Amino acid sequence: MKNKNKVAFYTLGCKLNFSETSTIARNFQDEGFARVDFEEVADIYVINTCSVTDNADKQFKQVVRKAMKLNPNAFVAAVGCYAQLKPEELAAVDGVDLVLGATEKFKITDYLHDLSKNHQGEVHSCEIQEADFYVGSYSIGDRTRAFLKVQDGCDYKCTYCTIPLARGISRSDTLENVLKNAYEIAQQDIKEIVLTGVNIGDYGKGEFGNKKHEHTFLELVQKLDLVEGIERLRISSIEPNLLKNETIEFVAGSRTFVPHFHIPLQSGSNDILKLMKRRYMRELYAERVAKIREVMPHACIGVDVIVGFPGETDAHFLETYHFLNELDISYLHVFTYSERDNTEAAQMPGVVAANVRAKRSKMLRGLSVKKRRAFYESQLGSHRTVLFEGENKQGYIHGFTENYVKVKAPWNPELVNTLHEVTLTRIDEDGCVRFEFVGVPA
């Protein structure tokens with residue numbers, strides 16, 4: 001359709017959602033829509049939703065209200081995980097006109113022939129079993145790094161998780177298409193690519209629509225390491241049982257992959273890991289951390305952990321706390337367990353009181369601060385390469401070293417999206433690291 005309608009996008013949730021929003025936005029632009037910032041008045045607002053926590057559900061309603069305040073006559077569309085899981089609930093939110101599920105979101109412009117406001121949101125969502133095909137995505141233009149989607153869906157049955165219900169079975173992009181997308185990103189003067197997916201260590205399954213693995217995750221990183229024009233490649237969250245020693249060893253000696261791993265643990269108690277139906281015990285997790293430290297002593301290791309899971313006693317929690325305290329990791333992402341409809345955990349006995357969940361979360365967040373500080377202190381005096389971000393935050397520019405140390409310097413627009421060799425010198429009062437430049441830009 002001929003138009004210059006303005007469209008704005010808002011993304012809730014993970015890196016995978018950001019990669020998909022960016023791809024959907026490019027589809028709009030290809031069809032003649034003008035993309036504007038979400039803070040501006042638009043004709044259409046597209047909200048990519050998340051279902052991982054209760055907070056993301058609440059955020060959705062706040063974002064809709066924000067859109068309606070900017071333009072009460074705007075057409076509001078909801079896509080993404082929450083839209084797949086609870087389409088009728090989203091459709092009932094005041095101001096929402098269209099809700100698209102897992103298979104429909106990439107065809108959103110097909111549903112926009114009439115932009116009149118609806119009294120009730122119109123729903124188009126599939127049975128999740130139908131979400132068995134793959135749509136490649138990557139983000140460019142939004143940040144100094146690109147999120148490259150390589151895999152979608154999950155075949156794991158973790159008892160707390162709704163992602164298989166929201167995204168379907170595990171399936172992968174073809175190796176050829178991943179490499180093609182990486183080359184396209186390289187042409188945009190983007191210095192860093194972050195590999196993303198629901199369960200990226202499962203890469204290769206469903207690559208050509210079948211369940212067997214055509215390629216492995218190790219083969220994927222080996223091929224990506226050869227892509228010219230990309231300075232850095234970063235692996236996002238990867239399951240400990242799928243992070244093989246061979247991959248760790250390859251990253252240690254690779255040209256572009258950086259020494260940074262984010263590995264979900266979820267609990268340091270084997271009893272709780274069994275209740276969660278995770279596919280490893282804590283001993284394997286400790287082995288993975290030890291292997292990384294053996295070949296990359298300076299690596300940054302991030303950990304996901306859930307507190308307050310049903311049946312988690314004080315003793316179980318202390319197991320987790322002490323395990324993490326003794327483990328040589330760099331920071332934690334702490335999630336307070338929240339009940340999700342249609343999950344096995346929601347029916348489990350041993351519900352942990354909300355105030356206990358909050359207390360445990362606070363303890364682990366405090367531990368994370370200590371771990372990050374200790375990691376940053378261990379890096380002082382070392383030479384690192386920093387990629388500077390594009391935002392002026394209160395007169396400062398920030399950036400990250402290859403091993404994910406956050407640095408800051410007085411704002412200088414010439415540093416944006418550039419790599420520089422630095423010596424890390426001291427930790428600032430806000431926890432960022434100060435530095436001195438070494439020689440010339442990398």
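Residues numbered from 1 in each chain as written. Predicted model: local features only at pLDDT ≥ 70, side-chain atom pairs only at ≥ 80, totals over all residues. Heavy atoms only, no water.

Some words on the pairing of strand β13 (residues 300–307)
Logical step 1: Of all eight residues in β13, eight are buried, a share of seventy percent or more.
Logical step 2: The alternating pattern of β13 places C300, G302, D304 and I306 and I301, V303, V305 and V307 on opposite faces, both of which are buried.
Logical step 3: Bridge analysis of strand β12 (residues 260–266) against β13 gives six bridges, and the strand direction is parallel. Counterpart to I263 in the pairing with β13 is V303.
Logical step 4: Pairing of β13 with strand β14 (residues 331–336), which is carried by six bridges, proceeds in the parallel orientation. Residue pairing across strands places I306 opposite F335, the latter belonging to β14.
Logical step 5: On the question of chirality, the crossover connecting β13 to the parallel β14 by way of helix α11 (residues 314–326) is right-handed. (Buried < 20%, exposed > 50% of the residue type's maximum accessible area, 1.4 Å probe, protein only. Helix = DSSP H or I, 4+ residues; strand = E, 2+ residues; numbered from the N terminus. Pairing = 2+ DSSP bridges. Right-handed = clockwise from strand over helix to strand, strands pointing away.)

A closer look at helix α6 (residues 175–186)
Logical step 1: Here α6 is 12 residues long and its end C-alpha atoms lie 16 Å apart, about the 16 Å a rise of 1.5 Å per residue gives.
Logical step 2: Taken as a whole, α6 has its buried residues at L175, V178, L179, N181, A182, I185 and A186. Angularly, the buried residues of α6 cover 160° about the axis, an arc narrow enough to put them on a single face.
Logical step 3: Against the buried residues of α6 lie β7 (145–149), β10 (192–196) and α7 (217–224). (Expected span 1.5 Å × (residues − 1). Arc of directions from axis to C-beta. Contact = heavy atoms within 4.5 Å.)

Here we look at the sheet that holds β7
Logical step 1: If you trace the three strands from one edge of the open sheet to the other, you get β7-β10-β11, paired in parallel fashion. The sheet is open, and its two edges are formed by β7 and β11 (232–235), each paired on a single side. This sheet shows a mean twist of 25° between the axes of neighbouring strands, independent of strand direction.
Logical step 2: Summarising the sheet, β7 and β10 pair through five bridges and their orientation is parallel. Along β10, the bridge assignment pairs A146 with I193.
Logical step 3: Across the sheet, α7 is in contact with β10 and β11; its angle to β10 comes to roughly 165°. (Axes fitted to C-alpha atoms, helices over the stretch in contact; angles between N-to-C directions.)

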